[in-house]
Amino acid sequence: MAGPAFRAAPVRVRVPATSANLGPGFDAFGLALGLYDDVVVRIADRGLSIDIAGEGADNLSRDENHLVVRALHATFEALGGRPAGLEVVCANRIPHGRGLGSSAAAICAGVIAARALTIGGAERLDDAAALGVASALEGHPDNVAACLYGGFTTAWTDEDGPHAVRALPHADIAPVVFVPSTPLSTEVARGLLPAQVPHAEAAINAGRAALLVTALTTRPDLLLPATEDRLHQDYRSPAMPHSAELVGKLRGQGHAAVISGAGPTVLALVTAERVDEVIGAADSGWVATRLDVDAEGAGVLPLG
């Protein structure tokens, strides 16, 4: 197959934050949230230029190790070959190391930008293949599926690779995130998980995960029992005691609160009339924000 041809004009990609797991859906469920990173990429004659504003501007690499660039290169390779040079501009709003899918957003931005910059890219790399490239970089499909597709996603992997299905949450559901000031490494959080869990605990989680699909899409009144988890949150709590304490406090007040992804952000899934109540329950150590559910996922926007 002949090498790809590239567009001269730059492309602007917008990618949403995501929350994975949602309680019982460990490594499977994801929810796209209305908080966005924007990335503009242009094909250059040679070299690599990276400009970063916002989150990570002081500490992210500005070379080929940058995650957006790694995703660009991986996607260009999947499409048949890299261009000679790239100019990348990142406007980052998703907090890093907080369990809101910042790495998935960076990866998906690179995948979608490379596809858009390649003439015929959408035909060479469809959405399922894009999910495959993104999942290989991320290591699991839950966050990248929600980031690419938007809405509420269920992801899984089999011998054919990663897959995902998408649904739209009930219109009354209003996500609220409680973001702490300090980050937590995903690797640290995963390192606390046991190799085995009791069969009875796994059975409870399976039932709650099935219930959560119904609660999120048609029965928001069932969100509190549907978000009960026995597989990961308690095991990870020593690494984020304040987050675990807030989850317990909110759940005790009847709010469907969970650890967002690997933490330490806390996510509450409430109905609109309870947003002020749930925000008022947190102390001053948290930045509490109501976010919309993002229904579109990663996409290309006009430059203006």
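Structure first, text after, so check above.
Bear in mind that the values here come from a model prediction, so they are computed numbers and not experimental data. (Residues numbered from 1 in each chain as written. Predicted model: local features only at pLDDT ≥ 70, side-chain atom pairs only at ≥ 80, totals over all residues. Heavy atoms only, no water.)

Can you tell me about the sheet that holds strand β9 (residues 266-271), naming the residues and giving the values?
Across the sheet, 4 strands lie side by side as β8-β9-β7-β10; this open sheet has antiparallel pairing. With one partner strand each, in any of the chains shown, β8 (256-259) and β10 (287-290) form the two edges of the open sheet. Taken pair by pair, the neighbouring strands of this sheet meet at an average axis angle of 20°, ignoring direction. When strand β7 (residues 173-179) meets β10, the two strands line up antiparallel, connected through 4 bridges. In the strand pairing of β10, Val179 is matched with Val287. Against the sheet, helix α10 (residues 241-252) makes contact with β7, β8 and β9, and its axis sits at roughly 165° relative to β8, the strand it touches most. (Pairing = 2+ DSSP bridges. Helix = DSSP H or I, 4+ residues; strand = E, 2+ residues; numbered from the N terminus. Axes fitted to C-alpha atoms, helices over the stretch in contact; angles between N-to-C directions. Contact = heavy atoms within 4.5 Å.)

Report on the packing of helix α4 (residues 127-138) against helix α5 (residues 142-149), specifying residues and quantitative values.
It is at 9 Å that the axes of α4 and α5 come closest, and there the two elements cross at 140°. Relative to α5, the element α4 lies oblique. Relative to α5, α4 is oriented so that their crossing is right-handed. Seen from α4, the contacting residues are Asp127, Ala128, Ala130, Leu131, Ala134, Ser135 and Glu138; seen from α5, they are Asn143, Val144, Ala145, Leu148 and Tyr149. (Parallel < 35°, antiparallel > 145°, perpendicular 65-115°, else oblique. Left-handed = near helix turned anticlockwise from the far one by under 90°.)

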